[in-house]
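# Descriptive analysis of the structure
As a plain string of letters, each chain reads:
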Amino acid sequence: MGSKLFHFLLLLSFSFFLSSSISAQAYNSAIGLRIDNGLGISVKQRITNRGALEGIMQSSWRNDEVRLTLVWEEHRKILLRNLSLYFGGGLHKGFYDRQEIIVKNPFGVTAIAGLELTIGRFNVSYDFKPALNITGGFNVIEAQTGLSVRYVLDKRPMAKGKKGNDKNIKNKPNKSSKQMPAKRKSSKV
């Protein structure tokens, strides 16, 4: 029971840490739950037009492990602005909670590829996430598929640009609303 409370508190603290600093395509920031071979929290932060950082903190159902993963994801729009394929990679670090486990805590590289859909304030993604443990872990290669459901904290402002492509809205003055410089009154001496 103590390890479940530990996992929950660790997941909660990680989510607060990442939510203030870390999103993706039709939004800037999103946070939610991830279900794979355990339960976790996923936080995404858009960094560039097509790139996002995703932080994942998950607790495994098979062994008493908490795993932190940070991946860079490149997003590619498919058909709609709110539907994208993504792929990328990053690092992971695991922590075992039981002393009788004689395997070292895992550390390694992680790849990720998936499909993401954002509707309103909700973001859903399904992905494949293989991992290579450089040190520790029960297996050298691990793979999982996961479903993430996130709440969009900060929607990305978008407007239609040329040829129907979405463009970021920036506070640009409207060409028709340019202010003309005031005429100077001439003073005759």
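Residues numbered from 1 in each chain as written. Predicted model: local features only at pLDDT ≥ 70, side-chain atom pairs only at ≥ 80, totals over all residues. Heavy atoms only, no water.

## Description of the side chain of Lys-129
Tracing the chain through its elements places Lys-129 in strand E7 (residues 122-135). Here Lys-129 sits buried without a salt bridge, and the closest side chain of opposite charge, Asp-36, lies 5.2 Å off (N-O distance). When neighbours within four sequence positions are excluded, Lys-129 is seen to be in contact with Arg-34, Ile-56, Gln-58, Thr-69, Thr-110, Ala-111, Ile-112, Glu-142, Ala-143 and Gln-144. (Helix = DSSP H or I, 4+ residues; strand = E, 2+ residues; numbered from the N terminus. Buried < 20%, exposed > 50% of the residue type's maximum accessible area, 1.4 Å probe, protein only. Lys, Arg positive; Asp, Glu negative; His and termini not counted. Salt bridge = Lys/Arg side-chain N within 4 Å of Asp/Glu carboxyl O. Contact = heavy atoms within 4.5 Å.)

## Some remarks on a nonpolar patch on the surface
Taken together, the side chains of Leu-91, Phe-107, Val-109, Leu-132, Ile-134, Val-140 and Ile-141 present a nonpolar region at the surface, about 630 Å² in accessible area. Of all the secondary structure elements, the ones that give two or more residues to the nonpolar patch are strand E6 (107-119) and E7. Within the fold, Leu-91 resides in strand E5 (residues 80-96). (Patch = residues over 30% accessible without salt bridge, like charges linked within 9 Å, V, L, I, M, F, W, Y side chains within 5 Å. Areas by Shrake-Rupley, 256 points an atom, 1.4 Å probe, with all protein chains shown as cover.)

## Regarding the packing of aromatic side chains
Considering all chains together, one arrives at 2 aromatic pairs under this definition. Seen from their ring centres, Tyr-96 and Phe-138 are 5.4 Å apart, and the 70 degrees between their planes marks the pair as edge-to-face. Separated by 42 residues along the polypeptide, Tyr-96 in strand E5 and Phe-138 in the loop between E7 and strand E8 (141-155) bring together distant segments of the chain. A ring pair is formed by Phe-122 and Tyr-151, whose centres lie 5.9 Å apart and whose planes are at 75 degrees; its orientation type is edge-to-face. (Phe/Tyr/Trp six-rings, centres within 6.5 Å; stacked < 30°, edge-to-face > 60°.)

## Let's talk about the sheet that holds E8
Ordered in space as E1-E2-E3-E4-E5-E6-E7-E8, the 8 strands form a closed barrel in which the pairing is antiparallel. When strand polarity is set aside, the average angle formed by the axes of neighbouring strands in this sheet is 25 degrees. Relative to E6, E5 runs antiparallel, the two being bridged by 11 bridges. Across the sheet, residue Leu-91 finds its bridge partner in E6, namely Val-109. (Pairing = 2+ DSSP bridges. Axes fitted to C-alpha atoms, helices over the stretch in contact; angles between N-to-C directions.)

## A word on the confidence of the model for the chain
Interpretation of this model should avoid reading the predicted coordinates in detail wherever pLDDT is low. In this model, the chain carries a mean pLDDT of 78, and residues with pLDDT of at least 70 account for 68%. Long-range and interchain partners of residues 4-24, a stretch whose pLDDT sits below 50, account for 47 contacts in this model, where long-range means more than four residues apart. Note on residues 162-177: pLDDT is under 50 here. Beyond four places in sequence and across chains, it has 19 contacts. (pLDDT = per-residue confidence, 0-100.)

## Some remarks on the pairing of E8
Taken together, the 8 bridges between strand E1 (residues 27-35) and E8 define a ladder with antiparallel strand orientation. Directly across from Arg-34, in E8, lies its bridge partner Ser-148. The pairing of E7 with E8 spans 11 bridges and is classified as antiparallel. By the bridge assignment for E8, Lys-129 is matched with Gln-144. Between E7 and E8, which pair antiparallel and follow one another directly, the connecting turn spans 5 residues, one of which, Gly-136, has a positive phi of 70 degrees.

## Notes on the pattern of salt bridges
Per the counting criterion, the structure on display carries 9 salt bridges. Two residues, Arg-34 and Asp-36, come together in a salt bridge whose shortest N-O distance is 2.7 Å. Accessibility assignment for this pair places Arg-34 and Asp-36 in one class, buried. Its salt-bridge partner being Arg-34, residue Asp-127 comes within 2.8 Å of it at the nearest N-O pair. Highlighted residues: Asp-127 in strand E7 and Arg-34 in strand E1, separated in sequence by 93 residues. Here the salt bridges do not stand alone but share partners, grouping Lys-44, Glu-54, Glu-73, Glu-116 and Arg-150 into one network.

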